[in-house]
Amino acid sequence: MKLAIVVQRYGQAINGGAELHARYIAEHLARHAEVDVLTTYASDYMTWRNEPGPAHERINGIPVRRFHVEHERDLLAFSRRSTRVFQNRHSLADELRWLDAEGPTSPALVNHIAAHADSYDFCLFFSYRYYQAYHGARAAARRAVLVPTAERDSTIGLAMFQPLFRGVRALMYNSPEEQAMIQAVSGNQNVPGIVVGVGSEVPQHPRPERFRQKYGVEGRFAIYVGRIDRNKGCNELFEFFEGYMRDVYGRLSLLLIGQSVLPTPQHPRIRHLGFLDDADKFDAMAAADLLIIPSYFESLSMVALEAWALGRPVIANGKCDVLKGQCLRSNAGFSYESYSEFLAIIQLLEKNRRIRATLGENGRRFFREHYEWPVIERKYLDVFERLKREPARSTMERLPPWIERRRRNLPPAQDVVATLPKGASRASIEGEPATAGLRS
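Quick caveat: nothing in here was measured; it's all calculated off a predicted structure.

Q: I would appreciate a short explanation of the sheet that holds strand β12 (residues 290-293) in the present structure.
A: Pairing between the strands of a sheet comes from backbone hydrogen bonds, and it takes one of two forms, parallel or antiparallel. Judged by pairing direction, the sheet is parallel, and its 6 strands sit side by side in the order β11-β10-β9-β12-β13-β14 without closing on themselves. Every other strand in the sheet has two partners, leaving β11 (270-274) and β14 (333-336) as the edge strands with one partner each. For this sheet the average axis-to-axis angle between neighbouring strands, irrespective of direction, equals 25 degrees. Bridge count between strand β13 (residues 314-317) and β14: 4 bridges; the pairing is parallel.

Q: How do you make sense of the pairing of strand β7 (residues 170-173) when you look at a structure like this?
A: Each regular strand displays side chains that alternate between the two surfaces of the sheet. Here β7 shows two buried faces, one formed by Ala 170 and Met 172 and the other by Leu 171 and Tyr 173. Direction of pairing for strand β6 (residues 144-147) relative to β7: parallel, over a ladder of 2 bridges. Among the inter-strand pairings, Val 145 is bridged to a residue of β7, identified as Ala 170. In this view, the connection linking β6 to its parallel neighbour β7 by way of helix α6 (residues 162-167) has right-handed handedness. In terms of strand pairing, β7 meets strand β8 (residues 193-195) through 3 bridges, oriented parallel. Counterpart to Tyr 173 in the pairing with β8 is Val 195. With helix α7 (residues 176-186) bridging β7 and the parallel β8, this β-α-β connection has right-handed handedness.

Q: Could you clarify how one ought to interpret the pairing of β6 in this entry?
A: Residues Ala 144 and Leu 146 point to one face of β6 and Val 145 and Val 147 to the other, with burial holding for every one of them. Pairing of strand β5 (residues 122-126) with β6, which is carried by 4 bridges, proceeds in the parallel orientation. Within β6, the position partnered with Cys 123 by the bridge is Ala 144. What joins β5 to β6 is helix α5 (residues 131-139), and the crossover it makes is right-handed.

Q: Got a minute to help me understand the environment of Pro 421 in this structure?
A: Take Pro 421: it is sitting in the segment after α17 (413-418). Taking the relative accessible area as the measure of exposure, Pro 421 reaches 52% and is therefore exposed. In this structure the C-alpha to C-alpha distance between Pro 421 and Glu 177, which are 244 residues apart in sequence, comes to 9.6 Å. Sequence-distant contacts of Pro 421, that is, excluding residues within four places in its chain, are made with Arg 152 and Ala 184.

Q: Mind showing me how you'd approach the nonpolar core here?
A: Ile 5, Ile 25, Leu 124, Phe 126, Phe 211, Ile 223 and Tyr 380 are the most contacted members of the largest nonpolar core, which has 70 residues in total. Leave out the neighbours within four places in its chain, and Phe 211 touches Val 217, Phe 221, Leu 255, Leu 273, Leu 276, Asp 280, Asp 283, Ala 284 and Ala 287. Counting 47 residues, the second-largest nonpolar core is a separate cluster that includes Leu 99, Ile 113, Val 185 and Val 416.

Q: Got a minute to help me understand the packing of aromatic side chains in this structure?
A: Given two aromatic rings, their pairing is described by the distance between the two centres and the angle made by the two planes. Scanning the entire structure with this criterion turns up 18 aromatic pairs. Ring geometry for Phe 211 and Tyr 215: centres 5.2 Å apart, planes at 40 degrees, overall tilted. With Phe 211 and Tyr 215 both in helix α8 (residues 208-215) and 4 residues apart, this pair spans about one turn of that helix. Here Phe 211 and Tyr 215 have matching classes, each one buried. Judged by centre distance (5.8 Å) and plane angle (85 degrees), the ring pair of Trp 308 and Phe 366 falls under edge-to-face. On the criterion of sequence distance, the pair formed by Trp 308 in helix α11 (residues 302-309) and Phe 366 in helix α14 (residues 353-370) is long-range, its members being 58 residues apart. On the basis of relative accessibility, which here comes to 1%, the residue Trp 308 falls in the buried class. The buried category is assigned to Phe 366, whose relative accessible area is 5%. Taken together, the ring pairs in this structure connect Tyr 128, Tyr 134, Phe 161 and Phe 165 into an aromatic cluster. Between the NZ or CZ atom of Lys 2 and the centre of the ring of Tyr 120, over which it lies, the distance is 5.1 Å. The ring of Phe 78 carries Arg 73 above its face, with NZ or CZ at 4.5 Å from the centroid.

Calculation criteria
- Per-chain numbering applies: the sequence of each chain, read as written, is numbered from 1 onward.
- At least 70 in pLDDT is required for a residue's local features to be given in this predicted model, at least 80 for side-chain atom pairs to be given and counted, and no such filter applies to totals for whole chains, interfaces and linings, which use all residues.
- No hydrogens and no water enter the side-chain calculation; it runs on all heavy atoms of the structure.
- At least two DSSP bridges between two strands are needed for those strands to be called paired.
- Where helices and strands are cited, they refer to DSSP runs of H or I of at least four residues and of E of at least two residues respectively, numbered from the N terminus.
- In this analysis, axes come from line fits to C-alpha atoms, helices being fitted only over the stretch in contact, and the angle between any two N-to-C directions falls in the range 0 to 180 degrees.
- Any residue under 20% of the maximum accessible area for its type is buried, any over 50% is exposed, and the rest in between are partly exposed; the area is computed with a 1.4 Å probe on protein chains only.
- By convention a crossover is right-handed if, when the strands point away from the viewer, the path from the first strand over the helix to the second runs clockwise.
- When checking whether two residues touch, look at their non-hydrogen atoms; a contact exists if any pair is within 4.5 Å.
- Among buried residues, those of type Ala, Val, Leu, Ile, Met, Phe, Trp, Tyr and Cys that are joined through side-chain atoms within 4.5 Å constitute a nonpolar core.
- Side-chain rings of Phe, Tyr and Trp, where Trp is taken by its six-membered ring, are said to pair if the distance between their centres is within 6.5 Å; with planes under 30 degrees apart they count as stacked, over 60 as edge-to-face, and otherwise as tilted.
- Charge-over-ring placement is defined geometrically: NZ (Lys) or CZ (Arg) within 6 Å of the ring centre, and within 35 degrees of the ring normal.

So far we have only geometry, and geometry alone does not tell us how the molecule works.
Structure (C-alpha cells):
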C-alpha cells in the first residue's frame, strides 16, 4: 500500500498542532505502508514564507517533498477578507479569496497531487481549512481521506467547506465533538468516518529530577505547554493564575513551555522556558503537579493526552466542548468556565494528593485504552481496508459557474456557527473494536 500525507508544513522543529499530528501519523503508518509526505517550503504559520532547503529530503526515514508557496500572507488583506466572510453577507468567491489570503497558497503542490494521485492508494489531507487540503482533496477526491482537525471557530461556518466534507472518501475525526459539529454543518453522515485522534511518543521512564537540575526548578508547579498566544487563551490564564497567587496559601508556580507571541507577566513565580526538545518537555511534565489548558478552540488536545500518559491531572477551559469532553471521558481532569471555578479546582488539586493520584491513574488508563499507537494504527488500517473494498468513485461537488460564485447569498460564517449544537460528549471513544466507529 502506498500513501501520501499532505500537510501545510512539516518538520522536526514543528512540535505541536496538526503538523506534529501529521508527522506522527506518517511515521507510524510507514510501519505498514510506503509513505510520502507532500508539503510546502513554509515553516512560519504567520507569514508562510518560503524557507531555504532541499526539495527532497528524508525526515526520520520518511521521504518529504516540498513545493513553493506562491506568496506570503498579507496580514492586513487577510484580516479584511476574514471580516468580510465571518461577519458579513458574502459570496463563494469571497470565501475562495479568503482561502488564498490565508495561505500557504501552493498551486504547485496541488498540481502535483492532481497529476500523481493515482500513484497512491490513498492521500491523507490534514487541516481542512488550508489551501492544500481544500484544493488537493478536490483534485484527488477518489483517494482523499481527510483529517480535518476542525475547531469550533468561524472558519467551520464557511459554505465552501461543506462540499469538501461530503465529497472525500472518509474522515478521521479527532473527537466525538468534532464529528458532531462537522456532520451538523455539512450533513455528511453518509460519508465513512471514525473518531481516531492521535498517539504520542511519550517516554516510558521520564526523568523529572534531571529537568529540575538542568533548569534550576525548585518547588511545586503547574505547567502550560504550547504556543503562548492570546488565541490559545493565555491572556486569561495569566489573569487567573495571578489571582490564584494572591492567595497566601497557594504555593504553585507556573512554568510555560513553547514559543511566545504574547508577553508573559513579570512575576518570580511565572517562568517562560521557551521551546524545549521532547526529552526536556516530557521530563518537565512529569515533574509538574498538573497541566493547564486554557484554549477556547481545540479539535483534540495532544498535550492533555501526554499529561495523562504521564499520570498528571489536567485543568482545561470548559468553554471548549472538546476539552470538556476529553476531561469527562477520561475522568482525569476538571474543566472551568470562570475564575472562581479555576481557583477552586487548582486549590483542590494543590492540596489533595489522593485526588491528583486518582485522576492521574485514570488518565494513564484512558491513554492506554484509546491512544497508544497500536490502537491508532489499527483504526487507520481498518478504514483503508474498508475503502479498498468499495468502488473508488468521486462524489465531490463541482464549484458553481463564475456568475453564481459571485452572488452574495451566503450568511456570515459566525452566524452559521452560532446555530450549531454545543456541548461535550460523554460517549466513549469509538473504535473498540477498531471498526466499531466506522459509519457509512
